[in-house]
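Per-entry structural report
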Amino acid sequence: MSSESWPPKLKEWVAKCLGQMTDANRADAQAELKQVIAEAYTNKTLWTTDWDGVQLKSLMPKPPLVLSTQSQLKRKANEHPQSSNKKSKKNAAAKSAASNALDPSDLAALNRRAARFQREHEIERQKSARQYNNSNYASSAAYMYKSRSGTPATYDAADNPDADPNVPNWDRFTIVGTSQEIFKDYLRLTSEPKPEQIRPYHVLQETLNQLKKKWREKATYNWICSQFKSLRQDLTVRPLPPPSYVQRIKNEFTVTVYEIHARMALEVGDMVEYNQCQAMLRNLYELGIPGKVEEFTAYRILMLLHGRNRSDLNLYVGQLTEKQKADPAVRHALSVQRAIAMGNYHALFDLYMNAPNMGAYIMDHFIDRERIRALMVMTKAYRTLRVTFLQQELAFDTAEAVREFLVEHRAGFFTNPNAEDQAQLVLDCKPAGTELAAVYEEKYRKVQIKGAV
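Residues numbered from 1 in each chain as written. Predicted model: local features only at pLDDT ≥ 70, side-chain atom pairs only at ≥ 80, totals over all residues. Heavy atoms only, no water.

Notes on the nonpolar core
In summary, soluble globular proteins display a tendency toward joint burial of nonpolar side chains. F228, Y274, I301, V336 and L390 are the most contacted members of the largest nonpolar core, which has 81 residues in total. The leading source of residues in this core is helix α9 (residues 252-268), at 9 residues. Once residues lying within four places of it in the same chain are set aside, the contact partners of I301 are L313, Y316, L320, V330, A333 and L334. V14, C17, L33 and A40 belong to the second-largest nonpolar core, a separate cluster that totals 14 residues. (Core = buried A, V, L, I, M, F, W, Y, C linked by side-chain atoms within 4.5 Å. Buried < 20%, exposed > 50% of the residue type's maximum accessible area, 1.4 Å probe, protein only. Helix = DSSP H or I, 4+ residues; strand = E, 2+ residues; numbered from the N terminus. Contact = heavy atoms within 4.5 Å.)

Following this line, the structure appears as structure tokens:
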């Protein structure tokens, strides 16, 4: 049975199960998954089963096996019947308990539990460290740094209102920039950053406002991109080994900067900068900083579809919350995933024409590939196809665009090549289909994404 014939709910359930699997339970879970699907297929209940309510036993949490104290004492009494010394009995019981605690079947559960809470422990550790650093630094003498004019100036963390909300992990190696320049070209750091070279928080806010205004006034993207990279650099200057001083502004403003730059990069097709922004946004969102999480979640799904990374896509989709799935942009991206998986090209190109936000800009990067796949199917089903039909079905702007696309992909075989009106052209499917299959293997089988993270 081909998975192409599965109902959408079953596919979503399978993706969810795959996302929950670990190295420890993968073999058992995959075997149980196949058995459940096979039984549903045999019983003809693939389309009637409530897959959202099906739970694999191998993916359910297992309670740890703990022997009672009485059982442990009985076991040790049988193993050491000649021991009459109370102290030796106590030591033997302790060894038995340690042996039971190190049972291999329990170690896997303990390791999973440790990994599950590792992130929470790390967050608490960092929080405690920040509280200690803030207290220690606020109570210490103010340290010195040079202002833009070169005059020595003192600075105390307790006197800066931006210290706590804008700069996580504040310590004595954190500085506030003093530069008042609104615009500054991006230069890669090759030495320790200086306060007079870095713009403070309020200047960076004005810089963003001016850059948005310049973008609306049609400034060149190369200049805008350089300015945004410089802005991003001043927000979170990369730390150098102590005693270097760095600026660490990570708040909603930081998220806004990366979101705006990511959208601009999408608009001009700069996928290198977009992927860099997307990677940083994922880190900022994971810190709990609010932003357009659902919008960029949808972009992430579309990018994984572009890269045809099925394992990462299944894992990512399986981790989505119900709130995220209910968002229109995320729901659209999941519909695109479903249309591609089921070969529903009519639905796919309709979704392409009605993509929310800037989803269509990402779909532009793989829509030609899906057009070729659709044509490979259509040329097998028809002997001839009118160009006007292909224009409407494959979301082309004009009949001329269809002809150019076919010629570019070596499939420009027409029964009436001399037609005066491009809209009257008719595609000869048999020779066109052969070439389309060859072109697909050469051009679209492997996907390379610049700057992919």
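Topic: unusual backbone geometry
The phi dihedral of K44 is positive, around 60 degrees, even though this residue is not glycine. Residue position: K44 is located in the loop between α2 (26-42) and α3 (69-79). For K44, a relative accessible area of 74% translates into the label exposed. For K218, which is not glycine, the phi torsion reads 70 degrees and is therefore positive. Of note, K218 is situated in the loop between α7 (201-216) and α8 (221-235). You can call K218 exposed: its relative accessible area is 73%.

Examining the layout of surface pockets
Estimates place the volume of the largest pocket at around 1500 Å³. Along its surface, the largest pocket is lined by 47 residues, and K11, A15, N314, Q337 and A341 are the ones closest to its centre. Looking at the lining of the largest pocket, the elements with two or more residues in it are α1 (8-20), α2, α11 (293-307), α12 (310-318), α13 (322-326), α14 (328-342) and α17 (367-381). Across the lining of the largest pocket, the residue classes tally to 20 nonpolar, 9 polar and 18 charged. (1 Å grid on protein atoms, 1.4 Å probe; cavity = no way out; pocket = protein on both sides within 12 Å on 5 of 7 lines; lining within 4 Å. Points joined across faces, edges and corners; volume = space filled by probe spheres on them. Nonpolar A, V, L, I, M, F, W, Y, C, P; charged D, E, K, R; others polar.)

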